[in-house]
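Here is how the chains run, residue by residue.
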Amino acid sequence: MKDKVAVITGAGSGIGRALALELARRGARLALSDVNDAGLAETADQVKALGAEVHTAHLDVTDRAAVEAYASTVAAHYGVVHQVYNNAGISGGGRTILDSDWAAIDQTLAVNLFGVIHGTKAFLPHLIASGDGHVVNISSLNGIMAQPTLGAYCASKFGVRGFTEVLRTEMINGGHPVKVTVVHPGGVKTDIASATLRMAQTEGYEVSATEKNRMRVYNEKLLKMPADQAARIIADGVQKGAPRVRVGNDAKMADRLVRFLPRYYPKFVVNLERRLFGKA
Ligand SMILES: NC(=O)c1ccc[n+]([C@@H]2O[C@H](COP(=O)([O-])OP(=O)(O)OC[C@H]3O[C@@H](n4cnc5c(N)ncnc54)[C@H](O)[C@@H]3O)[C@@H](O)[C@H]2O)c1
């Protein structure tokens, strides 16, 4: 990691911030961005306190032209780009497919799937030119396992996994010097569940008691691993060149469940959901 130039989107909170700090400790030079300017400034202060070099920018990953311009800006600023962590994401709400608003579906795919595609495509020529590139795309446990009320989220995260695995085949096939890692975190203690409710309230959606209950259960029972531990696991995986990093025992269990019981796991998931959240 020493002196590598690493780009992290969604670096103003949670896993993105923890990754910035972890890579700073390992000697990387950083390009950090987010739509949350206050959160991003806090991350930048913490990273600078560790002595790392940092470039910050307001960047909405759904804005294709802005991401393309940003890639050129970072490449011009540092002269080289080695790693991109496409991390920015939202959970997209806790409604069933039947009850979901189109706006929430569009936004979830725009941030989680197109955000990753934009970041990958915009930076790829620079990563190839570096001679030692690495694309790290953050999927989820829900890029492996489906769960009720996460239709758009699962679509985006399964999509990230497929897109990233295609990229890996292309880098191998083309003999390009770019490693490719897809990350599947399980529950990590971050703002992600609460952010969804805040966003819904800001946009004037009525948040139901069921949705509030889901957020509470997520925060109290499911989002457990500290973000700095998740960041260490991800950074270790990247340093080893791992094609796939599962973060946490929950992600590993979900992976095994789906692999060994592909037809029956949905029933198991529904039973677990009923125990956690009550009957739908
Ligand atoms: N926390 C978990 O349990 C968990 C589990 C699996 C996967 N993930 C994934 O990890 C990634 C990071 O999530 P987190 O848990 O740290 O959440 P978080 O809410 O703490 O951080 C997400 C960051 O992304 C930023 N963001 C949102 N929309 C954006 C946009 N359009 N453009 C740029 N930035 C934007 C937010 O401002 C925020 O700073 C996400 O992709 C998420 O889906 C998280």
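With an unreviewed UniProt entry as reference, the protein chain is termed Short-chain dehydrogenase/reductase, source organism Actinoplanes ianthinogenes.

(A) Representation of the overall build of the protein chain. Scanning the protein chain for helices and strands turns up ten helices and nine strands. Rg of the C-alpha trace for the protein chain: 18 Å, near the compact-globule value of 19 Å for 280 residues, within the 12% margin. Summarising its shape, the C-alpha atoms of the protein chain cover approximately 55 × 40 × 30 Å along the three principal directions. Residues counted as buried form 50% of the 280 residues belonging to the protein chain. For the protein chain, contacts bridging at least 24 residues in sequence account for 71% of all contacts bridging at least 6. Counting only carbon and sulfur atoms, one obtains 55% of the accessible surface of the protein chain, whose full area is about 13300 Å². The averaged location of the 26 negative side-chain charges in the protein chain is 10 Å from the averaged location of its 33 positive side-chain charges.

(B) Spotlight on the site of the ligand. As a structural note, the neighbourhood of the ligand is formed by 30 residues, with Ser13, Asp34, Tyr153, Val188 and Thr190 the closest of them. Contact distances for the ligand include 2.9 Å between a nitrogen atom and a side-chain N or O atom of Asp60. In the environment of the ligand, an oxygen atom lies 2.7 Å from a nitrogen or oxygen atom belonging to the side chain of Tyr153. Expressed as a share of its isolated accessible area of 830 Å², the protein-covered part of the ligand is 93%. Looking at the shell around the ligand residue by residue, the classes come out as 13 nonpolar, 13 polar and four charged.

(C) Highlighting a nonpolar patch on the surface. Where nonpolar side chains cluster on the molecular surface, the patch consists of Phe260, Leu261 and Tyr264 and spans about 360 Å² of accessible area. Of note, Leu261 is situated in the loop between helix 9 (249-260) and helix 10 (265-277). Under the relative-accessibility criterion, Leu261 is labelled partly exposed at 39%.

Calculation rules
- Sequence order as written defines the numbering, with residues in each chain counted from 1.
- Where totals are concerned, whole chains, interfaces and linings use all residues; where local detail is concerned, this predicted model gives features only for residues with pLDDT of at least 70, and gives and counts side-chain atom pairs only at 80 or more.
- Working from all heavy atoms in the structure, the side-chain values ignore hydrogens and water.
- Counting from the N terminus, the helices are the DSSP runs of H or I reaching at least four residues and the strands are the DSSP runs of E reaching at least two.
- Here the globule rule is a power law, 2.2 Å times the number of residues to the power 0.38, and the radius of gyration is based on C-alpha atoms.
- Burial classes follow relative accessibility: with a 1.4 Å probe on protein chains only, a residue under 20% of its type's maximum area counts as buried, one over 50% as exposed, and anything between as partly exposed.
- Residue contacts are counted whenever heavy atoms from the two residues lie within 4.5 Å of one another.
- Areas reported here follow the Shrake-Rupley algorithm with a probe of radius 1.4 Å; residue values treat only the protein chains shown as occluding.
- Just so you know, the count uses Lys and Arg for positive and Asp and Glu for negative, and it drops His and the chain ends.
- By convention, the point assigned to a charge is CZ for Arg, NZ for Lys, CD for Glu and CG for Asp.
- Any residue with a non-hydrogen atom lying within 4 Å of a molecule or strand is treated as near it.
- N or O atoms within 3.5 Å of each other form a polar contact, as long as, within protein, one can give a hydrogen and the other can take it, and as long as residues adjacent in sequence are counted only when both atoms are side-chain atoms.
- Classification convention: Asp, Glu, Lys, Arg as charged; Ala, Val, Leu, Ile, Met, Phe, Trp, Tyr, Cys, Pro as nonpolar; all other residues, Gly among them, as polar.
- Put simply, a patch holds well-exposed residues, over 30% relative accessible area, that have no salt bridge, with like charges counted together within 9 Å and Val, Leu, Ile, Met, Phe, Trp or Tyr side chains within 5 Å.
- Salt bridge, as used here, is a side-chain nitrogen of Lys or Arg placed within 4 Å of a carboxyl oxygen of Asp or Glu.

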